[in-house]
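Here are the chains, one letter per residue:
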Amino acid sequence: MARGAQVGVVVGSYNARVGLPAAIEILRAGGSALDAVVAAVKLVEDDLTDHGVGTGGIPNLLGQVELDASIMDGTALAAGAVGAVKHYPHPIEIARKVMEVTPHVMLVGEGAELFARYHGFEPANLLTEEAEREWRRCIHGDGEAPGEGNAWEDQYNLYMRVVKDWTKLLHKEIFGTTNVIARDREGNIACAVSTSGWGFKWPGRLGDSPIIGAGNYADSRFGAAACTGRGEMAIRAASAHSVVMYLRQGMPLEEALRTAMVDLRALVDPFAERDNVMNIVAMDREGNVAAASTSAAARFVFQTTEMDDPEERPRIHVPLREE
Ligand code: GLY
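All figures in this text were calculated on a predicted structure; none of them were measured in a lab.

The rules behind these values
Residues numbered from 1 in each chain as written. Predicted model: local features only at pLDDT ≥ 70, side-chain atom pairs only at ≥ 80, totals over all residues. Heavy atoms only, no water. Patch = residues over 30% accessible without salt bridge, like charges linked within 9 Å, V, L, I, M, F, W, Y side chains within 5 Å. Areas by Shrake-Rupley, 256 points an atom, 1.4 Å probe, with all protein chains shown as cover. Salt bridge = Lys/Arg side-chain N within 4 Å of Asp/Glu carboxyl O. Helix = DSSP H or I, 4+ residues; strand = E, 2+ residues; numbered from the N terminus. Buried < 20%, exposed > 50% of the residue type's maximum accessible area, 1.4 Å probe, protein only. Arc of directions from axis to C-beta. Contact = heavy atoms within 4.5 Å. Pairing = 2+ DSSP bridges. Core = buried A, V, L, I, M, F, W, Y, C linked by side-chain atoms within 4.5 Å. Axes fitted to C-alpha atoms, helices over the stretch in contact; angles between N-to-C directions. Polar contact = N/O pair within 3.5 Å; in protein donor to acceptor, adjacent residues only side chain to side chain. Expected span 1.5 Å × (residues − 1). Parallel < 35°, antiparallel > 145°, perpendicular 65-115°, else oblique. Nonpolar A, V, L, I, M, F, W, Y, C, P; charged D, E, K, R; others polar.

Participant: When you look at a nonpolar patch on the surface in this model, what are you seeing that I'm missing?
Facilitator: Taken together, the side chains of Val105, Met106 and Val108 define a hydrophobic patch exposed on the protein surface, amounting to about 220 Å² of accessible area. Mapped onto the elements of the fold, Met106 is located in strand S4 (residues 106-108). By relative accessible area, Met106 is classed as partly exposed at 35%.

Participant: Would you take a moment to explain helix H1 (residues 20-28) for this structure?
Facilitator: Working note: α-helix, 3.6 residues per turn, so residues spaced by three or four point in the same direction. Those residues of H1 not exposed but buried are Leu20, Ala23, Ile24 and Leu27. End-on, the buried residues of H1 take up no more than an arc of 100 degrees, which puts them together on one face. Looking at the buried residues of H1, the elements they touch are strand S1 (9-13), helix H2 (33-45), strand S5 (178-183) and strand S11 (299-304).

Participant: What am I meant to see in the pairing of S1 here?
Facilitator: Remark: a regular strand shows side chains that alternate across the two faces of the sheet. Counted residue by residue, S1 has 5 buried out of 5 residues, so it is predominantly covered. As paired elements, S1 and S5 share 4 bridges and run antiparallel to each other. Directly across from Val11, in S5, lies its bridge partner Ile181. Note: S1 against S11, 5 bridges, orientation antiparallel. Within S11, the position partnered with Val11 by the bridge is Phe302.

Participant: What am I meant to see in the pattern of salt bridges here?
Facilitator: Close approach of charged atoms allows side chains of opposite charge to pair. Tallied over the entire structure, the rule returns 10 salt bridges. Between Glu93 and Lys42 there is a salt bridge whose closest N-O contact spans 3.1 Å. Taken together, the residues Glu93 in helix H3 (residues 91-101) and Lys42 in helix H2 connect sequence positions 51 residues apart. Accessibility expressed as a relative area gives 26% for Glu93, which makes it partly exposed. Lys42 sits in the partly exposed class, given a relative accessible area of 25%. Salt-bridge contacts for Arg96 lead to Glu100; the nearest nitrogen and oxygen are separated by 2.8 Å.

Participant: It is not clear to me how the nonpolar core should be interpreted in this structure. Could you clarify?
Facilitator: Note on soluble globular proteins: their nonpolar side chains tend to be buried together. Ile181, Val243, Leu257, Leu264, Met278 and Ile280 are the most contacted members of the largest nonpolar core, which has 46 residues in total. Leu34, Val38, Ile92 and Phe115 belong to the second largest nonpolar core, which has 33 residues in total.

Participant: What is the right way to look at the sheet that holds strand S8 (residues 223-229) in this model?
Facilitator: The pairing of strands in a sheet comes from backbone hydrogen bonds and takes either a parallel or an antiparallel form. With mixed pairing, 5 strands are arranged side by side in an open sheet as S7-S8-S9-S10-S13. One side of each edge strand has no neighbouring strand; the edge strands of this open sheet are strand S7 (216-219) and strand S13 (316-317). Direction of pairing for S7 relative to S8: antiparallel, over a ladder of 4 bridges. Following the sheet pairing, Asn216 is matched in S8 by Ala226. Sitting on the sheet, helix H9 (residues 239-248) touches S7, S8 and strand S9 (278-284), and the angle it makes with S8 is about 150 degrees.

Participant: I tried to follow the environment of Arg183 on my own but got confused; where do I start?
Facilitator: Of note, Arg183 is situated in strand S5. Judged by relative accessible area, Arg183 falls into the buried class, the value being 11%. Arg183 sits 150 residues away from Ala33 along the chain, and the two C-alpha atoms are 5.4 Å apart. Only 2.8 Å separates the side chain of Arg183 from the backbone oxygen of Arg285, close enough to count as a polar contact.

Participant: When you look at helix H5 (residues 129-140) in this model, what are you seeing that I'm missing?
Facilitator: Between its terminal C-alpha atoms H5 stretches 15 Å, which fits the 16 Å expected from 12 residues at 1.5 Å a residue. If you check which residues of H5 are buried, you get Ala131, Glu134, Trp135, Ile139 and His140.

Participant: Mind showing me how you'd approach the sheet that holds S4 here?
Facilitator: Judged by pairing direction, the sheet is mixed, and its 8 strands sit side by side in the order S4-S3-S2-S6-S5-S1-S11-S12 without closing on themselves. The open sheet terminates on both sides in strands that have one partner only, identified here as S4 and strand S12 (311-314). In this sheet, neighbouring strand axes are inclined to one another by 15 degrees on average, regardless of whether the strands run parallel or antiparallel. Where strand S2 (residues 67-73) meets strand S6 (residues 189-195), 6 bridges bridge the pair, whose relative direction is antiparallel. Paired with Ile71 across the two strands is Ala192, which belongs to S6.

Participant: Sorry, what's going on with the packing of H2 against H3 here?
Facilitator: For any two helices packed against each other, one specifies the crossing angle of their axes together with the interaxial distance. It is at 8 Å that the axes of H2 and H3 come closest, and there the two elements cross at 150 degrees. The orientation of H2 with respect to H3, classified from their angle, is roughly antiparallel. Along the contact surface, H2 presents Leu34, Asp35, Val38, Val41, Lys42 and Glu45, while H3 presents Pro91, Ile92, Glu93, Arg96 and Met99. Its residues assigned to classes, the contact of H2 with H3 shows 6 nonpolar, no polar and 5 charged.

Participant: Help me out: how do you make sense of the packing of H3 against helix H4 (residues 109-118) in this one?
Facilitator: One can describe the packing of H3 onto H4 by two numbers: an axis separation of 10 Å at closest approach and a directional angle of 80 degrees. One element, H3, and the other, H4, form an angle in the roughly perpendicular class. Along its contact with H3, which presents Ile94, Lys97, Val98 and Val101, the element H4 presents Ala112, Phe115 and Ala116. Broken down by class, the residue content of the contact of H3 with H4 amounts to 6 nonpolar, no polar and 1 charged.

Here is the structure:
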């Protein structure tokens, strides 16, 4: 993308392409970066074909869809996050509410659901037939599905049957999550992240998406970054914050991204034979955008207020092992 301050720009993970035009419309009308990122992420949360975010997300080990989300206002350095939230289709809106009306940053589980209910958010069924079929196929195999009796006992018995080797049951392919970063005409940068997390995760597992500094960080003075992929890695390396810190130290955007990706190589990991995919999208203070991935095939999307449609770009490839 051309260098020089961008009046309005949005960048996101590839699956955010369904949401970018809505964000751009808000920026064109003079709206805020915060409104733009929330509008974009809500559309991804509603995309039933996306099995890593919102409704339609692949459930946890127990067949429950648990959602995580976070938002950061890079001008106030304010943030809100929710984790392991069931029944509410737009966790990004709940995260924003946490940021705006509480002295807290993160609410999880039943407390977050209580907060959502208290603020009038509408519950919904998040488990689509397709996602449930995938859960039954992978977790039950040809075995017996839970019965019709006591739901808790059924779930508990299932849990106990699979628990010995449960890490092998973690879904092999799906590391959904959506990232959207926007810069508005005043130069405010906001960043929003939403996910249903790692398919068949342990109930209550949080990845990087709701953790400020790991999967999401924004500071309008320097830039912003957000991650998708195996969140445990971004938590351990504080990846989103690292990118912004490298920008603060004066690195150009692509070098900041590369350096944060190379940092991941130091992580000692007994689970490394499983998919270790990490992706970061980032924006500098001027609105220049770039993204990096451990996978050579990964892409990202961006759109400016002058563009009719989002544009796809390849990410900088930074393999986990030095080649
Ligand atoms: N990056 C999303 C997660 O690990 O849950």
